[in-house]
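Residue strings, one per chain:
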Amino acid sequence: MCISLVPQPKSIKMLEGHAAYDTQCDRIIDVQMQPQAYVLKILPERIEIRAGSPQGLKYGETTLKQLCFCGGGQYPCLVIEDCPAFEWRSFHMDCARHFMPLDELKKMVHMASFFKFNRFHWHISDDQGWRIESERYPKLHQIGSRRQGDHFGDYDSDAWEGGYYTKAQVRELVAYCDSLGIQIVPEIDMPGHVSAILAAYPELGCNGAPVSVGTKAGIYWDILCAGKESTFEFIENLLVELLELFPGDTFHIGGDEAPKAHWKDCPHCRRRMEALGLENVGQLQGYMANRIAKFLKEKGRRAIAWNEASYGGNLDRDIVLQLWTEDKSGKVREHLKGGGQVILSEMLHSYCDYPYAFISLKSVYDADLASAALAGGGIGNIIGTECLAWSEYIRDVKTLEGLCWPRYAASAEVGWCGNDRPGYDSFAGRLENLFPAFALYGIEATQPDGWIPSEPEALKQLAAFQKNFPKEVMEGFAKAQEEV
Ligand code: ACM
Ligand code: ZN
């Protein structure tokens with residue numbers, strides 16, 4: 001019988017014999033063990049899962065589930081000792097660019113639990129949509145959740161589209177995730193990527209000019225004003241409302257791609273910079289992130305921000321950075337040297353909305369944990385890894401599933417095994433044996449012949465992909481990265 005588990009456990013010791021699937025299973029919490037660690041013992045008459053916490057017990061149960069895919073109608077007897085390399089293993093979904101039905105989110109979460117992810121980074125606000133019902137600021141969902149048109153890449157529609165999740169639906173999703181050992185990490189991106197918020201409440205921008213919910217990809221130049229006190233009041237009130245919905249210990253406050261040209265001209269922003277002795281708008285962004293993170297900390301939550309939030313050089317060390325670009329500024333490195341922590345999600349190993357021809361299953365698997373981006377920052381500062389699927393070009397669930405799976409499974413093994421991964425060939429073989437699980441979970445994963453596409457298929461994918469990045473979009477990205 002062939003044992004195929006993803007992620008690969010730390011140690012597997014085979015024993016003689018088999019156990020029926022309905023063999024009694026004892027679950028024991030052993031507080032001496034690390035919280036996510038577990039030992040699974042399968043003996044002919046008895047199964048035992050010993051774990052450091054209920055979370056660890058879940059991982060033992062998940063391993064049992066995966067063992068059913070070995071075939072043979074019974075479990076092989078064995079002892080598995082296992083523990084993740086990283087405490088944090090997240091997968092991401094962007095429901096702002098295109099709204100996704102709640103049932104699809106649940107399906108994705110269910111699949112993710114099969115690969116022992118423990119966080120769902122939920123991107124619920126961006127230029128092109130706000131997705132959560134708000135009683136405090138109802139125009140967010142009334143206005144911010146709808147847009148007239150979809151002009152991402154060469155797609156061209158003027159139809160109205162949108163959607164938002166009611167509070168009851170959010171609670172249902174939070175409870176569903178919780179039952180599977182997954183915590184939601186909501187992200188409200190700020191101060192940039194906020195056109196949907198500004199469409200509802202334009203007074204939160206520097207000049208108060210009307211803004212529409214975005215219908216295209218790329219960089220939008222209207223961002224939240226960091227000078228007005230009313231902006232902070234809004235954010236804090238909103239966070240109070242959202243924290244009640246999301247009980248997890250972490251909140252993502254965005255911070256990427258925030259072009260600060262308006263801040264330079266804004267009397268409110270300039271006044272604040274003068275009053276605080278801030279030297280540039282990058283430091284003003286750092287101030288804003290620190291202030292929001294402090295508010296979250298008082299509510300018992302840890303803040304996460306994209307790497308750009310550190311570029312002013314004044315970001316508090318207890319804000320976890322999520323690294324997606326190269327650390328051109330050197331500020332991420334400084335953050336880490338000062339004891340800061342990072343979640344690794346470098347584009348070229350993590351962005352699963354990109355075609356397989358650009359980021360193959362192997363590229364995700366081969367993510368470099370002593371990465372060039374960290375430039376020797378050290379693995380000790382990494383709390384975990386994430387795989388992502390931005391949805392500018394994802395309009396249907398079939399496309400979503402094929403892009404994410406099985407690449408998300410590769411990321412799960414990176415996060416669980418760290419540098420002790422057994423290698424891509426081993427992973428791909430185990431994954432093929434587990435492949436029927438995708439259909440069983442209702443997921444249309446990409447078949448093995450698409451994991452590393454053939455040359456003609458790759459050329460086709462790359463030609464289609466290139467259309468998503470016309471000159472003006474690329475220039476916007478470059479400019480947003482330069483602005484400090
Ligand atoms: C990002 O891809 N803008 C985080
Ligand atoms: Zn301003």
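Here, every reference points to the structure presented above.
These figures come from a predicted structure and were not determined experimentally.

Undergrad: What am I meant to see in the packing of aromatic side chains here?
TA: Taken as a whole, this structure holds 36 aromatic pairs when the rule is applied. With centroids separated by 5.6 Å and ring planes inclined at 25 degrees, the aromatic side chains of Phe115 and Trp405 adopt a geometry described as stacked. Here Trp405 lies in the loop between helix H13 (397-404) and helix H14 (407-417) and Phe115 lies in the loop between helix H2 (102-114) and strand E7 (119-123), a separation of 290 residues in the sequence. Judged by its relative accessible area of 0%, Trp405 is buried. Consider the rings of Tyr365 and Tyr424, whose centres lie 6.2 Å apart with planes at 70 degrees: the pair is edge-to-face. Within this pair, whereas Tyr365 is found in helix H12 (residues 361-365), its partner Tyr424 is found in helix H15 (residues 424-434), the two being separated by 59 residues in sequence.

Undergrad: Is there a simple way to explain helix H9 (residues 281-298) in this structure?
TA: Quick reminder: α-helices carry 3.6 residues per turn. Residues three or four places apart thus point the same way. Across its 18 residues, H9 extends 26 Å between first and last C-alpha, which sits within 8% of the 26 Å expected from 1.5 Å per residue. Burial runs high along H9: 14 of the 18 residues are buried. Between the side-chain oxygen of the N-cap and the backbone nitrogen of Gly282 there are 3.1 Å, and the N-cap of H9 in question is Asn280. Positive backbone phi, approximately 80 degrees, marks Gly300, located one or two places after H9.

Undergrad: Even after reading the chapter, I still don't get the coordination of the zinc ion (ligand 2), so can you show me in this structure?
TA: Each angle at a metal carrying four tetrahedral donors should ideally be 109.5 degrees, and each at a metal carrying six octahedral donors should ideally be 90 or 180 degrees. Note on the zinc ion (ligand 2): its protein donors are Cys206 (SG), Cys225 (SG), Cys266 (SG) and Cys269 (SG). The metal-donor distances range over 2.3 to 2.4 Å. Taken together, the four donor atoms coordinating the zinc ion (ligand 2) and their angles of 105 to 115 degrees define a geometry best described as tetrahedral. Along the chain, the residues that donate to the zinc ion (ligand 2) are spaced as C-x18-C-x40-C-x2-C. On the criterion of sequence distance, the pair formed by Cys225 in the loop between helix H5 (195-200) and helix H6 (229-245) and Cys269 in helix H8 (residues 267-276) is long-range, its members being 44 residues apart. Given the relative accessible area of 0%, Cys225 is considered buried. Given the relative accessible area of 0%, Cys269 is considered buried.

Undergrad: Looking at this model, I keep getting lost on the packing of H8 against H9. Mind explaining?
TA: Relative orientation and spacing of two packed helices are given, respectively, by the angle between their axes and the distance between those axes. Where H8 contacts H9, the two axes come as close as 11 Å, and the packing angle between them is 85 degrees. Between H8 and H9, the angle falls in the class roughly perpendicular. Each of Cys269, Arg272, Met273 and Leu276 in H8 lies in contact with H9, whose residues at this interface are Val281, Leu284, Tyr287 and Arg291. Split by residue class, the contact of H8 with H9 holds six nonpolar, no polar and two charged.

Undergrad: Can you help me understand the nonpolar core in this one?
TA: Across soluble globular proteins, nonpolar side chains show a tendency to be buried alongside one another. Within the largest apolar cluster, 123 residues are counted, with the highest numbers of intra-cluster contacts made by Trp122 and Trp405. Each residue touching Trp122, except ones within four places of it in the same chain, is listed here: Met93, Cys95, Leu105, Ile132, Tyr165, Val170, Leu173, Ile184, Val185, Pro186, Glu187 and Phe246. By size, the runner-up hydrophobic cluster in this structure holds 19 residues, among which are Tyr38, Tyr59, Cys70 and Leu78.

The rules behind these values
- Residues numbered from 1 in each chain as written.
- Chains lettered and ligands numbered in written order.
- Predicted model: local features only at pLDDT ≥ 70, side-chain atom pairs only at ≥ 80, totals over all residues.
- Heavy atoms only, no water.
- Phe/Tyr/Trp six-rings, centres within 6.5 Å; stacked < 30°, edge-to-face > 60°.
- Helix = DSSP H or I, 4+ residues; strand = E, 2+ residues; numbered from the N terminus.
- Buried < 20%, exposed > 50% of the residue type's maximum accessible area, 1.4 Å probe, protein only.
- Expected span 1.5 Å × (residues − 1).
- Polar contact = N/O pair within 3.5 Å; in protein donor to acceptor, adjacent residues only side chain to side chain.
- Donors = N, O, S within 2.8 Å, 3.2 Å for Na, K, Ca; no water.
- Tetrahedral: all angles 85-135°; square planar, octahedral: opposite > 155°, others 65-115°.
- Axes fitted to C-alpha atoms, helices over the stretch in contact; angles between N-to-C directions.
- Parallel < 35°, antiparallel > 145°, perpendicular 65-115°, else oblique.
- Contact = heavy atoms within 4.5 Å.
- Nonpolar A, V, L, I, M, F, W, Y, C, P; charged D, E, K, R; others polar.
- Core = buried A, V, L, I, M, F, W, Y, C linked by side-chain atoms within 4.5 Å.

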